[in-house]
Each structure stands twice: as C-alpha cells, then as structure tokens.
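Chain by chain, the residues run as shown.
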Amino acid sequence: MEKKITAFIESLKGDKRLVTLDEASTKQAIIIKMLSLLGWDIFNVDEVKPDLVVKSYMVDYALRKNKFNTIFIGVNKAGEE
C-alpha cells in the first residue's frame, strides 16, 4: 500500500493539470483516489459520507468508524483558501 500511495503522490507532483481542476474534479481525481489507497471503502456511505452538514457547516467528506465521524475533509479548488 505504501508504494502505491508514494507513487500516486509523486504522480500528482508532476501533473500540471491539477491547477485547472474545479472542486468536483479535485474530489474525484485526488481525494477519492487517496482515500481508496488508504484503505477506506469509498462506496460505503457508512464509512465515507459525502456532503455532511456538521453544526451548520458543510464538509465534503466525513470518514467514519463504528458509525462515528472521526475525520472531516474539506476540498477546495487548487489555489483557493
């Protein structure tokens, strides 16, 4: 797994298209791929919950273990804060 993650990160470093991606494309091309490489079941909404509202804030992904939100991920277009 570690080699695949390292190879993926290295491929991102040289990919000039990344700065042209919008938020949705960034999610698909980077975040979903990385979560999958890290062993998260990206097709299980009980494990990777997209577009979750938490205390009036929208998070792009909540990573869940045993039905509890453990990690929140926010995604922006490259270059945006």
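Residues numbered from 1 in each chain as written. Predicted model: local features only at pLDDT ≥ 70, side-chain atom pairs only at ≥ 80, totals over all residues. Heavy atoms only, no water.

As for helix α2 (residues 23-37)
The periodicity of an α-helix, 3.6 residues per turn, causes residues three or four places apart in sequence to face the same way.
Moving on, step 1. In a regular helix each residue adds 1.5 Å, so 15 residues correspond to 21 Å; α2 covers 20 Å between its end C-alpha atoms and thus fits that length.
Moving on, step 2. Largest kink in α2: about 30°, centred on I31.
Moving on, step 3. All of the buried residues along α2 are T26, K27, I30, I31, M34, L35 and L37.
Moving on, step 4. Positive phi shows up at G39, right after α2, with a value of about 100°. (Helix = DSSP H or I, 4+ residues; strand = E, 2+ residues; numbered from the N terminus. Expected span 1.5 Å × (residues − 1). Bend = angle between axes of the 7 residues up to and from the residue. Buried < 20%, exposed > 50% of the residue type's maximum accessible area, 1.4 Å probe, protein only.)

Some details on the pairing of strand β1 (residues 48-54)
Moving on, step 1. Across 6 bridges, β1 lies against strand β2 (residues 57-65) in antiparallel orientation. Bridging across to β2, K49 finds its partner in A62.
Moving on, step 2. In this antiparallel pair of consecutive strands, β1 and β2, the connection spans 2 residues, and K55 shows a positive phi of 50°. (Pairing = 2+ DSSP bridges.)

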